[in-house]
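Residues per chain, in single letters:
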Amino acid sequence: MNKEISLPMMGCGTWAWGNRLLWGYDRSMDSQLQEVFNLCVSNGVTLFDTGDSYGTGRLNGQSEILLGKFANAYQGINKDNICLATKLAPYPWRLTRNSMVAAGKASAQRLGRNIDLVQMHWSTANYFPWQEWQLLDGLADLYEQGLVKGVGLSNYGPKRLKQVYQKLSDRHVPILTLQVQYSLLSTYPVTDLGLKDVCDELGIELIAYSPLCLGILTGKYSQTNLPKGIRGLLFKRLLSGAKNLLACLEEIAQFRQKTMSQVAINWCISKGTIPIPGAKNPEQAQQNIGALGWQLSEGEVTELDRTAAKIETTMVQNIFQSK
């Protein structure tokens, strides 16, 4: 791994901020989000993940702007360890390597600093496989020009990952990270695709996004307490089959004097991944931080694995997840 980048055992994904920005951005929240950022960094959580597609329309790139603002304003402990990661989307109009270089430069400008970790947001293998080869060359160009410290991927399966790994290796550009949707309700990338073994073989860190499965694993929701809209319909379907898993999480949480969220995040860490739970307020951030500094026993991990394996209806996979 590139020694210039130090990745913590847990990071924060700003996808939660990005989604909020899509549905209406309130600038009065900036100070609270700065507090979240400061709290995370001061407790050793220094990896922050975002994307150039988070905050679209008139708020284009707003998530990157906020994250850069917070990082540049922070003056406390671990300041030098802050790692800002962003994902560049393979939009249909990005067809050349130069378009990816331009996108990286635009993200760096919004961040107010060079990107530490630049990532391909998703693979186009499922619908336009030839597009991404040019874009990957653009990521390599950013690395070779010293505009980024490291290169990563998102939503890639083992077959495509190996192809991309070889392509970038030919240019002596290492792939540092791969992030996929991974939680107790979304084990598919590891149990079915075998991604963790492939990443270990290639020396790639596996990042787990949505480790709390949109909040289902926090224990906050039930069949009588569902979010509104399409999300509520999804939760209703998942909750009906996840009763035993949630009960298992709750039992371990009570025994450990932890929350269900902390147990679910710690489970991801026990699997050798770097979870990036979202946090929109200091309370959520503090909850996430409580997943650090201890570890589940082998027996507890086994019981969670066994219970999760029996669930028939699991979280739907990202439509861009490649094989």
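Data block above holds the structure.
Computed from a predicted model, the values in this text were never measured in an experiment. (Residues numbered from 1 in each chain as written. Predicted model: local features only at pLDDT ≥ 70, side-chain atom pairs only at ≥ 80, totals over all residues. Heavy atoms only, no water.)

1. Quick notes on the packing of aromatic side chains
Defined as follows: Only centres within 6.5 Å qualify two rings of Phe, Tyr or Trp (six-membered ring in Trp) as a pair; their planes then separate them into stacked at under 30 degrees, edge-to-face at over 60, and tilted for everything else. Each helix is a run of H or I in the DSSP string that is no shorter than four residues. Each strand is a run of E no shorter than two, and both are numbered from the N terminus. Relative accessibility under 20% of the residue-type maximum defines a buried residue, over 50% an exposed one, and the middle range a partly exposed one, all with a 1.4 Å probe and only protein chains included.
For the structure shown, the criterion picks out eight aromatic pairs. Aromatic pair W122 and F320: ring centres 4.5 Å apart, planes at 15°, arrangement stacked. Pair noted here: W122 is in the loop between strand 4 (115-120) and helix 5 (131-144) and F320 is in the segment after helix 13 (298-309), with a separation of 198 residues, a long-range link. What makes F320 partly exposed here is its relative accessible area of 23%. Members of the aromatic cluster, connected to one another through ring pairs, are F37, F48, F70 and Y74.

2. Considering the nonpolar core
Using the following cut-off: For our purposes a nonpolar core is just a set of buried Ala, Val, Leu, Ile, Met, Phe, Trp, Tyr and Cys residues, chained together by side-chain atoms within 4.5 Å. For this analysis, residues touch if any pair of their heavy atoms sits within 4.5 Å.
One finds L161, L178 and L304 to be the most contacted residues of the largest nonpolar core, which totals 87 residues. No other element matches the seven residues that helix 11 (residues 260-270) contributes to this core. Excluding anything up to four places from it in sequence, L304 contacts L184, L245, C248, L249, I252, V263, W267 and L296.

3. Points about the side chain of D52
How we decide: Polar contacts here mean pairs of N or O atoms no more than 3.5 Å apart (in protein, one a potential hydrogen donor and the other a potential acceptor; neighbouring residues in sequence count only if both atoms are side-chain atoms).
Within the fold, D52 resides in the loop between strand 2 (47-51) and helix 3 (62-73). The class of D52 is buried, set by a relative accessible area of 3%. In this structure the side chain of D52 is engaged in a polar contact, spanning 2.9 Å, whose partner is the side chain of R94. What D52 contacts, discounting residues up to four positions off in sequence, is N60, G61, E64, T86, K87, L88, A89, Y91, R94, A103, S107 and R110.

4. Notes on the pairing of strand 5 (residues 148-154)
Each regular strand shows side chains that alternate between the opposite faces of the sheet. What counts is decided by this rule: Call a crossover right-handed when, viewed with both strands pointing away from you, the route from the first strand across the helix to the second goes clockwise. A strand pair is defined by DSSP finding two or more bridges across the two strands.
Within strand 5, six of the seven residues are buried, which leaves it mostly tucked inside the rest of the structure. Handedness of the crossover joining strand 4 and strand 5 through helix 5 is recorded here as right-handed. Here strand 5 runs beside strand 6 (residues 175-181); their pairing, made up of four bridges, is parallel. Paired with S154 across the bridge in strand 6 is Q179. In terms of handedness, the path from strand 5 via helix 6 (residues 158-169) over to strand 6 forms a crossover that is right-handed.

5. Looking at a nonpolar patch on the surface
Counted only if it meets this: Each patch is built from residues that are more than 30% exposed by relative accessible area and take part in no salt bridge. Like charges join if they lie within 9 Å; nonpolar side chains (Val, Leu, Ile, Met, Phe, Trp, Tyr) join within 5 Å. Method for areas: the Shrake-Rupley scheme with a 1.4 Å probe, in which residue coverage is limited to the protein chains shown. Think of a salt bridge as a Lys or Arg side-chain nitrogen and an Asp or Glu carboxyl oxygen that are within 4 Å of each other.
Taken together, the side chains of L95, Y127, F128 and W130 make up a nonpolar region of the molecular surface, amounting to roughly 480 Å² of accessible area. Considering the arrangement of structural elements, one finds W130 in the loop between strand 4 and helix 5.

6. Brief notes about the sheet that holds strand 4
What the eight strands build is an open sheet, ordered 1-2-3-4-5-6-7-8; its pairing is parallel. The open sheet has two edge strands with one neighbour each: strand 1 (12-13) and strand 8 (274-276). Relative to strand 2, strand 1 runs parallel, the two sharing two bridges. Bridged to G13 within strand 2 is D49.

7. Considerations on the pairing of strand 4
Of all six residues making up strand 4, six are buried, and the element is well covered by its neighbours. Inspection of the sheet shows strand 3 (residues 83-88) paired to strand 4 by four bridges, in the parallel sense. The residue bridging L88 from the neighbouring strand is M120, located in strand 4. Between the parallel elements strand 3 and strand 4, the chain passes through helix 4 (residues 97-111) in a crossover that is right-handed. Bridging between strand 4 and strand 5 involves five bridges; their strand directions are parallel. Residue pairing in the sheet places I115 in a bridge with V148 of strand 5.

8. Structural notes on the packing of helix 11 against helix 13
Convention followed: For helices, the axis comes from a line fit to the C-alpha atoms of the stretch in contact; other axes are also lines fit to C-alpha atoms, and the angle between any two N-to-C directions lies between 0 and 180 degrees. Throughout, the term roughly parallel applies to angles under 35 degrees, roughly antiparallel to angles over 145, roughly perpendicular to angles from 65 to 115, and oblique to all others. Only Asp, Glu, Lys and Arg are considered charged, only Ala, Val, Leu, Ile, Met, Phe, Trp, Tyr, Cys and Pro nonpolar, and every remaining residue, Gly among them, polar.
Contact pair helix 11 / helix 13: the axes reach a minimum separation of 11 Å and the direction vectors enclose 100°. In terms of orientation, helix 11 lies roughly perpendicular with respect to helix 13. On helix 13, the residues touching V263, W267 and S270 of helix 11 are V301, L304 and D305. Residues of the contact of helix 11 with helix 13, tallied by class, amount to four nonpolar, one polar and one charged.

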